[in-house]
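# A closer look at the structure
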Amino acid sequence: MAIQSLAIIIFVLAVFLVAGVPISYAIGISALAAILQMVTLDVSVLTAAQRTFVGMSKFSLTAIPFFVLAGNLMNQGGIAKRLVDFVLAILGKLPGALLVTNVGANALFGAISGSASAAAAAVGSMVQEGEDKQGYERAVCAATNGASAPSGLLIPPSNALITYSLVSGGTSVAALFLAGYIPGILWAICCVVVAVIIARKKGYKGTPGKFDWKNLGAATLKAIPALSLIVVVIGGIIAGVFTATEGSAIAVVYALVLGICYRNITWKSFWKILVDSAKMSGMIVFLIGVSNILGWVMAFTQIPQAISAGLLGLTNSPIIILLIMNVILLIAGTFMDVTPAILIFTPLFLPIVKTFGMHPVHFGLILVYNLCIGNITPPVGNTLFVAIKVGKTSLAKVMPYMVMYYASILVGLVLVTYIPAVSMALPTMAGLVK
(Lines give C-alpha, C1' and ligand atoms only; values in the text may rest on other atoms or scores of the structure.)
Protein backbone atom coordinates (compact mmCIF):
# COMPACT_ATOMS: atom_id res chain seq x y z
CA MET A 1 0.00 0.00 0.00
CA ALA A 2 2.85 2.40 0.80
CA ILE A 3 4.44 2.19 -2.66
CA GLN A 4 1.06 2.42 -4.39
CA SER A 5 0.09 5.49 -2.34
CA LEU A 6 3.45 7.15 -3.00
CA ALA A 7 3.09 6.50 -6.75
CA ILE A 8 -0.39 8.06 -6.76
CA ILE A 9 0.81 11.13 -4.83
CA ILE A 10 3.84 11.67 -7.10
CA PHE A 11 1.86 11.15 -10.32
CA VAL A 12 -1.08 13.42 -9.40
CA LEU A 13 1.24 16.07 -7.92
CA ALA A 14 3.44 16.09 -11.04
CA VAL A 15 0.44 16.34 -13.39
CA PHE A 16 -1.07 19.28 -11.51
CA LEU A 17 2.25 21.12 -11.20
CA VAL A 18 2.93 20.75 -14.92
CA ALA A 19 -0.61 22.00 -15.59
CA GLY A 20 0.16 25.12 -13.54
CA VAL A 21 -2.21 24.37 -10.66
CA PRO A 22 -1.23 26.26 -7.45
CA ILE A 23 0.99 24.12 -5.23
CA SER A 24 -1.45 24.14 -2.29
CA TYR A 25 -4.27 22.66 -4.40
CA ALA A 26 -1.89 20.20 -6.05
CA ILE A 27 -0.71 18.88 -2.68
CA GLY A 28 -4.24 18.63 -1.27
CA ILE A 29 -5.70 16.86 -4.31
CA SER A 30 -2.79 14.42 -4.61
CA ALA A 31 -3.20 13.49 -0.92
CA LEU A 32 -6.97 13.12 -1.38
CA ALA A 33 -6.36 10.83 -4.37
CA ALA A 34 -4.22 8.60 -2.17
CA ILE A 35 -6.91 8.49 0.53
CA LEU A 36 -9.52 7.37 -2.03
CA GLN A 37 -7.85 3.99 -2.45
CA MET A 38 -8.52 3.27 1.23
CA VAL A 39 -11.95 4.77 1.99
CA THR A 40 -15.02 6.06 0.15
CA LEU A 41 -15.26 9.57 -1.34
CA ASP A 42 -17.43 11.06 1.42
CA VAL A 43 -15.12 9.78 4.16
CA SER A 44 -12.06 10.91 2.19
CA VAL A 45 -13.35 14.46 1.84
CA LEU A 46 -14.33 14.62 5.52
CA THR A 47 -10.91 13.30 6.57
CA ALA A 48 -9.14 15.81 4.32
CA ALA A 49 -11.18 18.68 5.75
CA GLN A 50 -10.45 17.60 9.31
CA ARG A 51 -6.72 17.26 8.71
CA THR A 52 -6.60 20.68 7.01
CA PHE A 53 -8.34 22.29 9.98
CA VAL A 54 -6.03 20.54 12.44
CA GLY A 55 -3.00 21.63 10.42
CA MET A 56 -4.04 25.28 10.54
CA SER A 57 -5.09 25.27 14.21
CA LYS A 58 -1.63 25.12 15.77
CA PHE A 59 -0.91 28.14 17.96
CA SER A 60 2.73 28.31 16.90
CA LEU A 61 1.57 29.08 13.35
CA THR A 62 0.69 32.57 14.59
CA ALA A 63 4.38 33.44 14.45
CA ILE A 64 4.44 33.20 10.66
CA PRO A 65 1.91 36.00 9.87
CA PHE A 66 3.59 38.26 12.42
CA PHE A 67 7.09 37.67 11.02
CA VAL A 68 5.73 38.20 7.48
CA LEU A 69 4.22 41.51 8.58
CA ALA A 70 7.41 42.52 10.38
CA GLY A 71 9.43 41.72 7.27
CA ASN A 72 7.15 43.76 5.02
CA LEU A 73 7.30 46.68 7.45
CA MET A 74 11.09 46.46 7.38
CA ASN A 75 11.10 46.32 3.57
CA GLN A 76 9.23 49.64 3.48
CA GLY A 77 10.97 51.09 6.51
CA GLY A 78 14.05 52.49 4.80
CA ILE A 79 16.64 50.24 6.44
CA ALA A 80 18.30 48.85 3.29
CA LYS A 81 20.48 51.91 2.69
CA ARG A 82 21.58 52.03 6.31
CA LEU A 83 22.62 48.38 6.19
CA VAL A 84 24.46 48.88 2.88
CA ASP A 85 26.41 51.83 4.34
CA PHE A 86 27.20 49.81 7.48
CA VAL A 87 28.58 46.82 5.56
CA LEU A 88 30.47 49.06 3.13
CA ALA A 89 32.18 50.75 6.09
CA ILE A 90 33.35 47.34 7.33
CA LEU A 91 34.21 45.48 4.11
CA GLY A 92 34.80 48.33 1.69
CA LYS A 93 38.57 47.88 1.57
CA LEU A 94 38.30 44.40 0.03
CA PRO A 95 38.62 44.03 -3.76
CA GLY A 96 35.24 44.54 -5.42
CA ALA A 97 33.98 46.61 -2.50
CA LEU A 98 30.42 46.92 -3.78
CA LEU A 99 30.16 43.22 -4.61
CA VAL A 100 31.29 42.26 -1.12
CA THR A 101 29.00 44.90 0.39
CA ASN A 102 26.09 43.44 -1.59
CA VAL A 103 26.78 40.02 -0.03
CA GLY A 104 27.00 41.29 3.53
CA ALA A 105 23.97 43.57 3.24
CA ASN A 106 21.90 40.75 1.72
CA ALA A 107 22.69 38.52 4.68
CA LEU A 108 21.63 41.20 7.16
CA PHE A 109 18.59 42.45 5.26
CA GLY A 110 17.42 38.93 4.39
CA ALA A 111 17.64 37.95 8.04
CA ILE A 112 15.62 40.99 9.11
CA SER A 113 13.02 40.85 6.33
CA GLY A 114 12.80 37.05 6.09
CA SER A 115 12.71 37.18 2.29
CA ALA A 116 15.54 36.42 -0.13
CA SER A 117 13.70 38.07 -3.03
CA ALA A 118 13.08 41.22 -0.97
CA ALA A 119 16.78 41.36 -0.08
CA ALA A 120 17.80 40.94 -3.72
CA ALA A 121 15.41 43.69 -4.79
CA ALA A 122 16.10 46.20 -2.00
CA VAL A 123 19.86 45.77 -1.54
CA GLY A 124 20.50 45.17 -5.25
CA SER A 125 18.76 48.42 -6.13
CA MET A 126 20.80 50.31 -3.52
CA VAL A 127 24.20 49.19 -4.80
CA GLN A 128 23.35 49.08 -8.52
CA GLU A 129 23.87 52.80 -9.15
CA GLY A 130 27.31 52.78 -7.55
CA GLU A 131 28.29 49.63 -9.45
CA ASP A 132 27.29 51.22 -12.75
CA LYS A 133 29.31 54.37 -11.98
CA GLN A 134 32.41 52.34 -11.13
CA GLY A 135 32.16 50.21 -14.27
CA TYR A 136 31.14 46.89 -12.72
CA GLU A 137 29.81 44.37 -15.20
CA ARG A 138 26.06 44.05 -14.67
CA ALA A 139 26.05 40.27 -15.03
CA VAL A 140 28.64 39.97 -12.25
CA CYS A 141 26.60 42.25 -10.00
CA ALA A 142 23.35 40.35 -10.65
CA ALA A 143 25.03 37.00 -10.00
CA THR A 144 26.53 38.24 -6.73
CA ASN A 145 23.24 39.76 -5.64
CA GLY A 146 21.19 36.66 -6.46
CA ALA A 147 23.67 34.13 -5.06
CA SER A 148 24.01 35.86 -1.69
CA ALA A 149 20.36 36.79 -1.04
CA PRO A 150 19.21 33.36 0.31
CA SER A 151 21.78 33.47 3.11
CA GLY A 152 19.30 35.56 5.07
CA LEU A 153 16.76 32.71 5.00
CA LEU A 154 19.09 30.66 7.19
CA ILE A 155 19.84 33.49 9.62
CA PRO A 156 16.92 33.99 12.03
CA PRO A 157 14.17 35.00 12.25
CA SER A 158 13.38 32.47 9.51
CA ASN A 159 9.87 31.43 8.46
CA ALA A 160 11.39 28.38 6.77
CA LEU A 161 12.78 27.15 10.08
CA ILE A 162 9.46 27.84 11.85
CA THR A 163 7.66 25.78 9.18
CA TYR A 164 10.16 22.96 9.62
CA SER A 165 9.62 23.07 13.38
CA LEU A 166 5.89 22.53 12.88
CA VAL A 167 6.23 19.72 10.34
CA SER A 168 8.96 17.90 12.26
CA GLY A 169 6.75 17.51 15.31
CA GLY A 170 7.77 20.49 17.41
CA THR A 171 11.54 20.78 17.07
CA SER A 172 12.66 23.72 19.23
CA VAL A 173 12.36 26.98 17.28
CA ALA A 174 14.97 28.58 19.54
CA ALA A 175 17.43 25.76 18.80
CA LEU A 176 16.74 26.00 15.05
CA PHE A 177 17.18 29.77 15.10
CA LEU A 178 20.49 29.54 16.91
CA ALA A 179 21.61 26.69 14.63
CA GLY A 180 20.96 28.83 11.55
CA TYR A 181 23.60 31.46 12.26
CA ILE A 182 26.75 29.59 11.27
CA PRO A 183 25.29 27.99 8.07
CA GLY A 184 23.90 31.40 7.05
CA ILE A 185 27.19 33.16 7.69
CA LEU A 186 29.03 30.29 5.97
CA TRP A 187 26.85 30.81 2.86
CA ALA A 188 27.74 34.53 2.90
CA ILE A 189 31.45 33.80 3.34
CA CYS A 190 31.37 31.41 0.37
CA CYS A 191 29.88 34.21 -1.72
CA VAL A 192 32.44 36.74 -0.45
CA VAL A 193 35.29 34.44 -1.49
CA VAL A 194 33.93 34.13 -5.03
CA ALA A 195 33.17 37.88 -5.22
CA VAL A 196 36.78 38.71 -4.26
CA ILE A 197 38.16 36.22 -6.81
CA ILE A 198 36.01 37.71 -9.57
CA ALA A 199 36.90 41.25 -8.47
CA ARG A 200 40.62 40.50 -8.70
CA LYS A 201 40.20 39.07 -12.19
CA LYS A 202 38.10 42.05 -13.31
CA GLY A 203 40.29 44.62 -11.58
CA TYR A 204 37.58 45.94 -9.26
CA LYS A 205 39.21 47.82 -6.39
CA GLY A 206 38.19 48.49 -2.83
CA THR A 207 37.36 51.96 -1.56
CA PRO A 208 40.45 54.21 -1.66
CA GLY A 209 42.33 55.40 1.40
CA LYS A 210 42.85 53.95 4.83
CA PHE A 211 40.20 52.30 6.98
CA ASP A 212 37.95 55.10 8.29
CA TRP A 213 36.91 54.43 11.89
CA LYS A 214 34.89 57.64 12.00
CA ASN A 215 32.85 56.56 8.98
CA LEU A 216 32.31 53.13 10.55
CA GLY A 217 31.09 54.74 13.76
CA ALA A 218 28.60 56.94 11.93
CA ALA A 219 27.33 54.04 9.79
CA THR A 220 27.02 51.81 12.87
CA LEU A 221 24.94 54.39 14.73
CA LYS A 222 22.53 54.62 11.80
CA ALA A 223 22.31 50.81 11.47
CA ILE A 224 21.96 49.97 15.17
CA PRO A 225 18.16 50.45 15.34
CA ALA A 226 17.64 47.96 12.49
CA LEU A 227 20.25 45.49 13.75
CA SER A 228 18.76 45.65 17.23
CA LEU A 229 15.66 43.87 15.95
CA ILE A 230 17.69 40.68 15.57
CA VAL A 231 19.27 41.10 18.99
CA VAL A 232 15.99 41.85 20.80
CA VAL A 233 13.76 39.28 19.11
CA ILE A 234 16.18 36.39 18.68
CA GLY A 235 17.92 37.07 21.98
CA GLY A 236 14.58 37.03 23.79
CA ILE A 237 13.50 33.77 22.14
CA ILE A 238 16.79 31.99 22.83
CA ALA A 239 16.98 33.28 26.41
CA GLY A 240 13.44 32.05 27.04
CA VAL A 241 12.11 35.55 27.83
CA PHE A 242 9.31 35.01 25.32
CA THR A 243 8.20 32.41 22.77
CA ALA A 244 8.70 32.62 19.02
CA THR A 245 5.08 33.72 18.63
CA GLU A 246 5.45 36.49 21.22
CA GLY A 247 8.77 37.46 19.66
CA SER A 248 7.12 37.80 16.25
CA ALA A 249 4.54 40.21 17.69
CA ILE A 250 7.33 42.25 19.30
CA ALA A 251 9.09 42.32 15.92
CA VAL A 252 5.97 43.85 14.33
CA VAL A 253 5.76 46.62 16.93
CA TYR A 254 9.50 47.28 16.68
CA ALA A 255 9.44 47.39 12.86
CA LEU A 256 6.40 49.69 12.82
CA VAL A 257 7.93 52.13 15.29
CA LEU A 258 11.20 52.10 13.34
CA GLY A 259 9.41 52.77 10.03
CA ILE A 260 7.46 55.66 11.55
CA CYS A 261 10.62 57.15 13.06
CA TYR A 262 12.35 56.91 9.68
CA ARG A 263 9.23 58.54 8.14
CA ASN A 264 8.97 55.87 5.47
CA ILE A 265 5.61 54.41 6.53
CA THR A 266 2.36 56.34 6.07
CA TRP A 267 -1.24 55.32 6.75
CA LYS A 268 -1.68 54.53 3.06
CA SER A 269 1.47 52.42 2.81
CA PHE A 270 0.68 50.75 6.15
CA TRP A 271 -2.70 49.58 4.85
CA LYS A 272 -1.06 48.15 1.72
CA ILE A 273 1.53 46.38 3.87
CA LEU A 274 -1.25 44.85 5.98
CA VAL A 275 -3.14 43.62 2.91
CA ASP A 276 0.00 42.17 1.27
CA SER A 277 1.01 40.47 4.53
CA ALA A 278 -2.48 39.00 4.97
CA LYS A 279 -2.42 37.57 1.44
CA MET A 280 1.04 36.06 1.87
CA SER A 281 0.23 34.68 5.33
CA GLY A 282 -3.03 33.17 4.08
CA MET A 283 -1.17 31.36 1.32
CA ILE A 284 1.44 29.98 3.72
CA VAL A 285 -1.02 28.90 6.42
CA PHE A 286 -3.40 27.27 3.91
CA LEU A 287 -0.45 25.47 2.35
CA ILE A 288 0.57 24.13 5.76
CA GLY A 289 -3.01 23.06 6.38
CA VAL A 290 -3.42 21.03 3.19
CA SER A 291 0.05 19.58 3.65
CA ASN A 292 -1.18 18.11 6.92
CA ILE A 293 -3.41 15.86 4.78
CA LEU A 294 -0.31 14.66 2.98
CA GLY A 295 1.51 14.05 6.25
CA TRP A 296 -1.43 12.03 7.58
CA VAL A 297 -1.56 9.89 4.42
CA MET A 298 2.17 9.22 4.63
CA ALA A 299 1.93 8.22 8.27
CA PHE A 300 -1.18 6.06 7.74
CA THR A 301 0.25 4.19 4.72
CA GLN A 302 3.78 4.04 6.26
CA ILE A 303 5.41 5.69 3.23
CA PRO A 304 8.42 7.01 5.25
CA GLN A 305 9.10 3.50 6.56
CA ALA A 306 8.99 2.09 3.03
CA ILE A 307 11.39 4.74 1.72
CA SER A 308 13.65 4.21 4.72
CA ALA A 309 13.72 0.46 4.10
CA GLY A 310 14.48 1.07 0.42
CA LEU A 311 17.38 3.42 1.08
CA LEU A 312 18.80 1.29 3.87
CA GLY A 313 18.46 -1.69 1.53
CA LEU A 314 20.75 0.07 -0.94
CA THR A 315 23.34 1.05 1.64
CA ASN A 316 23.72 1.37 5.38
CA SER A 317 26.24 4.21 5.05
CA PRO A 318 24.91 7.50 6.45
CA ILE A 319 27.34 9.35 4.16
CA ILE A 320 25.81 7.82 1.01
CA ILE A 321 22.24 8.20 2.27
CA LEU A 322 22.79 11.90 3.01
CA LEU A 323 24.38 12.34 -0.41
CA ILE A 324 21.32 10.80 -2.08
CA MET A 325 19.01 13.03 -0.03
CA ASN A 326 20.99 16.12 -0.94
CA VAL A 327 20.78 15.32 -4.63
CA ILE A 328 17.01 14.76 -4.39
CA LEU A 329 16.52 18.00 -2.46
CA LEU A 330 18.69 20.00 -4.84
CA ILE A 331 16.70 18.76 -7.83
CA ALA A 332 13.35 19.29 -6.10
CA GLY A 333 14.39 22.78 -5.00
CA THR A 334 14.84 23.88 -8.60
CA PHE A 335 11.12 23.28 -9.22
CA MET A 336 9.51 24.05 -5.84
CA ASP A 337 9.46 26.92 -3.37
CA VAL A 338 11.04 26.42 0.04
CA THR A 339 7.84 26.11 2.11
CA PRO A 340 6.02 23.39 0.11
CA ALA A 341 9.26 21.44 -0.28
CA ILE A 342 9.78 21.48 3.50
CA LEU A 343 6.22 20.24 3.98
CA ILE A 344 6.70 17.38 1.52
CA PHE A 345 10.22 16.16 2.28
CA THR A 346 10.40 16.52 6.06
CA PRO A 347 8.03 13.60 6.81
CA LEU A 348 9.81 11.54 4.13
CA PHE A 349 13.42 12.03 5.16
CA LEU A 350 13.39 12.92 8.87
CA PRO A 351 12.49 9.37 10.03
CA ILE A 352 15.36 8.02 7.93
CA VAL A 353 18.06 10.28 9.37
CA LYS A 354 16.78 9.55 12.88
CA THR A 355 17.62 5.87 12.33
CA PHE A 356 21.33 6.71 12.33
CA GLY A 357 21.11 9.23 15.15
CA MET A 358 20.99 12.59 13.37
CA HIS A 359 19.40 15.34 15.44
CA PRO A 360 16.27 16.97 13.90
CA VAL A 361 17.89 20.40 14.28
CA HIS A 362 20.87 19.32 12.17
CA PHE A 363 18.64 17.82 9.49
CA GLY A 364 16.48 20.97 9.46
CA LEU A 365 19.46 23.10 8.50
CA ILE A 366 20.55 20.60 5.82
CA LEU A 367 17.02 20.66 4.39
CA VAL A 368 16.64 24.45 4.35
CA TYR A 369 20.18 24.99 3.00
CA ASN A 370 19.45 22.65 0.10
CA LEU A 371 16.14 24.29 -0.72
CA CYS A 372 17.63 27.78 -0.53
CA ILE A 373 19.95 26.78 -3.36
CA GLY A 374 16.82 26.07 -5.39
CA ASN A 375 15.84 29.72 -4.85
CA ILE A 376 18.67 30.73 -7.17
CA THR A 377 18.57 27.82 -9.62
CA PRO A 378 16.55 27.80 -12.88
CA PRO A 379 13.94 26.95 -14.05
CA VAL A 380 12.09 28.46 -11.04
CA GLY A 381 14.82 30.32 -9.12
CA ASN A 382 12.64 33.26 -8.07
CA THR A 383 15.41 35.10 -6.25
CA LEU A 384 17.83 34.75 -9.16
CA PHE A 385 15.30 36.21 -11.60
CA VAL A 386 14.61 39.12 -9.24
CA ALA A 387 18.35 39.82 -9.16
CA ILE A 388 18.55 39.62 -12.95
CA LYS A 389 15.64 42.05 -13.29
CA VAL A 390 17.18 44.49 -10.80
CA GLY A 391 20.54 44.19 -12.56
CA LYS A 392 18.98 44.78 -16.00
CA THR A 393 20.78 41.85 -17.59
CA SER A 394 19.96 38.34 -18.84
CA LEU A 395 20.12 34.77 -17.57
CA ALA A 396 22.57 33.78 -20.31
CA LYS A 397 25.06 36.45 -19.20
CA VAL A 398 24.65 35.72 -15.49
CA MET A 399 24.94 31.91 -15.50
CA PRO A 400 28.74 31.67 -16.18
CA TYR A 401 29.33 33.59 -12.94
CA MET A 402 26.59 31.71 -11.10
CA VAL A 403 28.45 28.45 -11.76
CA MET A 404 31.30 29.76 -9.59
CA TYR A 405 28.87 30.74 -6.85
CA TYR A 406 27.09 27.36 -7.04
CA ALA A 407 30.41 25.56 -6.57
CA SER A 408 31.29 27.65 -3.53
CA ILE A 409 27.82 27.34 -1.94
CA LEU A 410 27.88 23.56 -2.48
CA VAL A 411 31.13 23.41 -0.50
CA GLY A 412 29.18 25.05 2.30
CA LEU A 413 26.44 22.42 1.91
CA VAL A 414 28.98 19.63 2.30
CA LEU A 415 30.28 21.21 5.51
CA VAL A 416 26.76 21.68 6.90
CA THR A 417 25.84 18.09 6.00
CA TYR A 418 28.86 16.19 7.22
CA ILE A 419 30.13 18.35 10.09
CA PRO A 420 27.31 18.46 12.68
CA ALA A 421 29.09 21.13 14.73
CA VAL A 422 28.45 23.70 11.97
CA SER A 423 24.76 23.59 12.89
CA MET A 424 24.82 22.12 16.37
CA ALA A 425 27.63 23.99 18.13
CA LEU A 426 25.69 27.12 19.10
CA PRO A 427 22.43 25.43 20.27
CA THR A 428 24.50 22.86 22.19
CA MET A 429 26.55 25.57 23.91
CA ALA A 430 23.31 27.36 24.81
CA GLY A 431 21.90 24.17 26.33
CA LEU A 432 19.01 24.03 23.84
CA VAL A 433 19.93 20.56 22.58
CA LYS A 434 21.67 17.62 24.22
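Shown above is the structure to which this text applies.
Quick summary incoming for the structure in this document. (Residues numbered from 1 in each chain as written. Predicted model: local features only at pLDDT ≥ 70, side-chain atom pairs only at ≥ 80, totals over all residues. Heavy atoms only, no water.)

## Here we look at the pattern of salt bridges
Going by this rule: We define a salt bridge as a contact between a side-chain nitrogen of Lys or Arg and a carboxyl oxygen of Asp or Glu at a distance within 4 Å. Runs of H or I in DSSP of at least four residues are treated as helices and runs of E of at least two as strands, each being numbered from the N terminus. A simple rule labels every residue: compare its accessible area, found with a 1.4 Å probe on the protein chains alone, to the largest value its type can have, and call it buried under 20%, exposed over 50%, or partly exposed in between.
As enumerated under the stated definition, the model contains three salt bridges in all. The closest approach of N and O atoms between Lys202 and Glu137, which form a salt bridge, is 2.8 Å. Of the two residues, Lys202 sits in helix α12 (residues 181-202) while Glu137 sits in the loop between α7 (116-133) and α8 (138-148), which places them 65 residues apart along the sequence. Using a relative accessible area of 36% as the deciding quantity, one classes Lys202 as partly exposed. Across the pair Lys272 and Asp276 runs a salt bridge, and its minimum N-O distance is 2.9 Å. With Lys272 and Asp276 both in helix α15 (residues 267-301), this residue pair falls four residues apart, about one helical turn. Residue classification places Asp276 among the partly exposed positions, given a relative accessible area of 30%.

## Overview of a nonpolar patch on the surface
Which entries qualify depends on this criterion: Only residues above 30% relative accessible area that lack a salt bridge enter a patch, with like-charged residues linked at up to 9 Å and the nonpolar side chains Val, Leu, Ile, Met, Phe, Trp and Tyr linked at up to 5 Å. Residue burial considers only the protein chains on display, and all accessible areas are found by Shrake-Rupley using a 1.4 Å probe.
On the surface, a cluster of nonpolar side chains totalling about 950 Å² of accessible area is made up of Ile319, Ile320, Leu323, Val327, Ile331, Phe335, Val411, Val414, Leu415, Tyr418 and Ile419. At five residues, helix α17 (residues 318-333) tops the list of elements feeding residues into the nonpolar patch. If you trace the backbone, Ile320 turns up in helix α17. Residue classification places Ile320 among the partly exposed positions, given a relative accessible area of 37%.

## Let's talk about helix α6 (residues 97-113)
Where we set the bar: Expected span of a helix: the number of residues minus one, times 1.5 Å.
The terminal C-alpha atoms of α6, which comprises 17 residues, lie 23 Å apart, in line with the 24 Å expected from a rise of 1.5 Å per residue. Burial of α6 is extensive: 16 of the 17 residues sit out of reach of the surface. Backbone geometry just downstream of α6 places Gly114 in the positive-phi region, at approximately 75°.

## As for the environment of Ser408
Rules: We call two residues in contact whenever any of their non-hydrogen atoms come within 4.5 Å of each other.
Mapped onto the secondary structure, Ser408 falls in helix α21 (residues 395-418). Since its relative accessible area comes to 13%, Ser408 is described here as buried. A sequence separation of 218 residues divides Ser408 from Cys190, and the C-alpha atoms of the two residues are 5.4 Å apart. Once you skip the residues sitting within four places of it in the chain, Ser408 turns out to touch Cys190, Cys191 and Val194.

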